[in-house]
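Examination of the molecular architecture
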Amino acid sequence: MSSATAVSEHTPVHHSGESTGVTNAKLGIWLFLASEIMLFSTLFTTYIVLRLGAASWPRGWDVLNVPLGMINTFVLITSSVTMVMAYAKAHEKNLKGFQTYMSLTIFLAFVFLINKGIEYSAHFRHNEFPSTSIFHAVYFTLTGLHGLHVIGGIIVNSTLLYLSKTDFDHPLFLGRVEGAGLYWHFVDIVWIFLFPALYLL
Amino acid sequence: MAHEHQDSQAHKSFYSYFFSTDHKVIGLLYIVTALMFLLCGFMLMLVMRWQLAFPGSPIPLLGRILSPSLAPNGVMTPDFYNALGAMHGTIMVFLGIVPLGVGGFGNYVLPLQIGAEDMAFPRLNLASYWFFLLGGLLMLSSFILPGGAAQSGWTSYPPLAIINPGQTVWLFAMVMLITSSLLGAINFLVTSFNLRAQGMKLSRLPIFVWAQIVTAFLLLLAFPPLEAASVLQLMDRIAHTSFYLPQGLVILGMRHIASGGGQPLLWQHLFWFLAHPEVYVLLLPAMGIVSEIIANNTRKPIHGYNVIVGSMIAIGILAFVVWAHHMFISGMSAVLSDFFLVTTMIISVPSVAILTSFVFSLRGGSIRFTTPMLFALAFLPMFGIGGLTGLPLGLTVTDIYLHDTYYIIGHFHYIVVPGSLLALMGGVYYWFPKWFGRKMDDTLGKWHFWTSLICMNGVFFPMFIQGLAGQDRRYYDPMAALHSVPTQPLHVVSSAFAGLLFLSQIPFIYNFFHSISHGEKVGDNPWQATTLDWACPSPPPHGNFTKPIRVYHGPYEYSLAGQKTDWAPQNEEVLA
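As the structure is a computational prediction, the values presented were derived from the model and not from experiment. (Residues numbered from 1 in each chain as written. Chains lettered and ligands numbered in written order. Predicted model: local features only at pLDDT ≥ 70, side-chain atom pairs only at ≥ 80, totals over all residues.)

1. Considerations on the overall build of chain B
Defined as follows: By the criteria applied, helices consist of DSSP H or I runs no shorter than four residues and strands consist of E runs no shorter than two, each listed in order from the N terminus. Radius of gyration: C-alpha atoms only; globule rule: 2.2 Å multiplied by the number of residues to the exponent 0.38. Our exposure labels follow a C-beta count within 10 Å of each residue's own C-beta, placed from the backbone: buried means 20 or more other C-beta atoms, exposed means 12 or fewer, and partly exposed covers the counts in between.
Along its length, chain B carries 19 helices and four strands. Here chain B has a C-alpha radius of gyration of 24 Å; the compact-globule value for 576 residues is 25 Å, and the two agree. The C-alpha extent of chain B, read off along each of the three principal axes, is 80 × 55 × 45 Å. Burial status across chain B gives 56% buried among its 576 residues.

So this is what it looks like as structure tokens:
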């Protein structure tokens, strides 16, 4: 009690948070990722339960395009690297560098989606739809939801790229890039689990 | 200061109310919206109760208005009955109690109690409210959309839910409501951890805040699985996948065309993985409110602060490992049943610890029987009945008999209605002076309390007898099963009390709206309370506090020896 009374009455009391020493944005994004982990854990659990209960389950490489999936894996991993570089450039206050690496990240995300589109349309041409079999249901739903997360990442990263023109020196900007980066790495990691689970097992 | 603020509030436009990012405006919007949804869900139930009390007879008044497809000659169809049941459950849980306890009280009170200016993410907060409102309106509008409302119960078990009409809108609305809750949960957690005033250590947080923290964790981690499960059910309905449809499903003699290979039980597991923690989401905010009111009105520190907070955290963890006790007769190995039986028995321990602490808090206090205190006191035995009647449902042997009878309807309604809802109503009376600077009328409040308490018991107690006699829930016509016939007249009792319960809400509604402008004017701290929500003006201005806030001690320092007053506000030093 005595230590508390020793502090001057004039200390500003309305601080904008950080009682924990972590910024609001960072704490918020980690909590959001915790809920995302629960979401994808549920989907993976569904996959396991349905596969264990299925009378037959096709081997991924017989029905899916493994080389294209492999390329997409490398595309996403590379985009994670460019995301880190974008953050590093933002940290150095190098606007040009930030914009270059952020654009690259967004470009790679589009490459991923285009590859995914090629895969999907090949399936549709062969009359393979989510309703075809339980395997296809799992494949389309899981990769589809992951695809939506990639689109979400593109939107977030593009917004940051656009804002960097005016807000690059804003004290909160670096934190926003870090949050977007955490989310983007999460989207990568989900794919790194999805790829072997669907294509290789 | 307070006067000035009221003037500026009177000039607020529609826009500034519905698009304000102020946690207090959003909180009040949540409270009023949730109360309206509660009334709505209650009225659906009143219509259902007519059919149960007088099976096959035309519904008075309403029967003439309803379209012939829902109620030919005024008698409701089984499909309409099912829709009413499903929507009653959904509305009460997801649009009523949770938004009232979390979105409403949490939003308004939590930032005040920790000494914050607003929530951590005010715009996200507004987004939560709009997701909730639009999801709720979508849910309600399903009654008039082609295909009608969902008919598969609030639990939406497949394959029924996948072949029934109306379910698609239910699923879309659920995804919106879940999104709202997730955004809210993140906001609450960041706010309570990061925006505490100086000196507000975790060990000094009011129990209400702790209850909201545990609730937010439950929402954050339990809702995503339901979101995923809802997406899968949506796929089953829209893209004709078979996540929940088994191989060779035959419906009405016809082989179902879907590919099959899915598992109906998977939905049950995913659904209850959310829906059991959801029970505690319904309950914990109410417990938080009860602790605030009890400490304030007994004028002594709450008994066992650490026990209560520890028990809440324990409930939060254990809530994730009890879900399958809802599925004892769904088909599960005996080993698994035993596991869930044991965890269910264990989770009752912290609940009992909390209830016991509340009872001990009363001992030796000089109790003020204010209106909010009556509600808080009634919560204790009502929650006791609700909790104790749950034990036979957690034991597999007795559950096999009681499952899906009116007994379980009685059990969970005792927890949620005379339990949670009563406490939440007490919260309305308790914090009303903070919201509007005026008190609600005491006489009307006491009428509201006693009539509601008696009627709630009149509605739900007969259900225990019906359930023990074996009467099944979800039946459109209780006379259809021979063993239900002897206890059917008890439905008349329940329905009559339900009608009276409806009437006894009228004093509350009048009192609420009348007191906003005509209630007795009170100061900033009319209850002489210690927590920070009473250290700011009533109603608090934008930014909440008009003076710097520093916290010196725990939340419930009442009746300290050698003080001028019998309460020591958290933001004032206690002089030894």
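2. What about the overall build of chain A?
Heads up, the rule is: A residue pair is marked as a contact if its C-beta atoms, positioned from the backbone, fall within 7 Å.
A tally of regular secondary structure across chain A gives seven helices and zero strands. Across chain A, helices and strands are ordered from the amino to the carboxyl terminus as α-α-α-α-α-α-α. Here the C-alpha atoms of chain A give a radius of gyration of 22 Å, more than 25% beyond the 17 Å that 2.2 N^0.38 yields for 201 residues. Dimensions along the principal axes, computed over C-alpha positions, put chain A at roughly 75 × 45 × 20 Å. In chain A, buried positions account for 32% of the 201 residues. Considering only contacts in chain A between residues 6 or more positions apart, those separated by 24 or more positions represent 81%.

3. Comments concerning unusual backbone geometry
Residue and element names in this part refer to chain B. In this chain, Pro158 is followed by Pro159 through a cis amide linkage whose omega measures 0°. Mapped onto the fold, Pro159 is located in the loop between helix H6 (122–141) and helix H7 (160–163). Cis geometry is found at the peptide bond from Ser538 to Pro539, where omega equals -10°. If you check the backbone angles, Leu61 has positive phi at about 60° while not being a glycine. Within the element layout of this structure, Leu61 appears in the loop between helix H3 (23–53) and helix H4 (62–65). Backbone geometry places Ser156, a non-glycine residue, at a positive phi of 50°. Following the sequence through the fold, Ser156 ends up in the loop between H6 and H7.

4. A few points about the confidence of the model for chain A
Do not read the fine detail of predicted coordinates wherever pLDDT is low. Note the threshold: pLDDT measures the predictor's confidence residue by residue and takes values from 0 up to 100.
On average, chain A scores 90 in pLDDT, and the residues at 70 or more come to 91%. Note that pLDDT drops below 50 for residues 1–15 of chain A; the model gives that stretch ten contacts with residues more than four away or on any other chain.

5. Quick notes on the nonpolar core
For clarity, the cut-off: Any set of buried Ala, Val, Leu, Ile, Met, Phe, Trp, Tyr and Cys residues joined through C-beta atoms within 7 Å is what this text calls a nonpolar core.
Core analysis: the biggest nonpolar cluster contains 225 residues, and Leu189, Leu220, Val290, Phe375 and Phe379 of chain B have the highest contact counts within it. Setting aside chain neighbours within four positions, we find Leu189 of chain B in contact with Leu31 of chain A together with Ile213, Ala216 and Leu220 of chain B.

6. Things to note about helix H12 (residues 334–362) of chain B
Residue and element names in this part refer to chain B. Keep this limit in mind: Given the number of residues in a helix, its expected span is that number minus one, multiplied by 1.5 Å.
Over its 29 residues, H12 extends 43 Å from the first C-alpha to the last, a length consistent with the 42 Å expected when each residue adds 1.5 Å. Taken together, the buried positions of H12 are occupied by Phe340, Thr344, Ile347, Pro350, Ser351, Ile354, Leu355, Ser357, Phe358 and Ser361. Against the buried residues of H12 lie helix H10 (264–298), helix H11 (305–318), helix H13 (371–388) and helix H14 (391–394). Gly364 sits one or two positions beyond H12 and adopts a positive phi of about 80°.

7. Details of the environment of Ile144 of chain B
Residues and elements named next belong to chain B. With respect to the element layout, Ile144 can be found in the loop between H6 and H7. Taking the C-beta count within 10 Å as the criterion, Ile144 has 9 such neighbours and is therefore assigned exposed. Along the backbone, Ile144 and Leu395 are 251 residues apart, and their C-alpha atoms lie at a distance of 42 Å.

8. Comments concerning the interface of chain A and chain B
In plain terms, the rule: For this classification, the nonpolar set comprises Ala, Val, Leu, Ile, Met, Phe, Trp, Tyr, Cys and Pro, the charged set comprises Asp, Glu, Lys and Arg, and every other residue, Gly included, is treated as polar.
Each side of the interface is counted separately: chain A has 33 residues, and chain B has 41 residues. When the residues that make up the side of chain A that touches chain B are grouped by side-chain class, the tally is 17 nonpolar, 15 polar and one charged.

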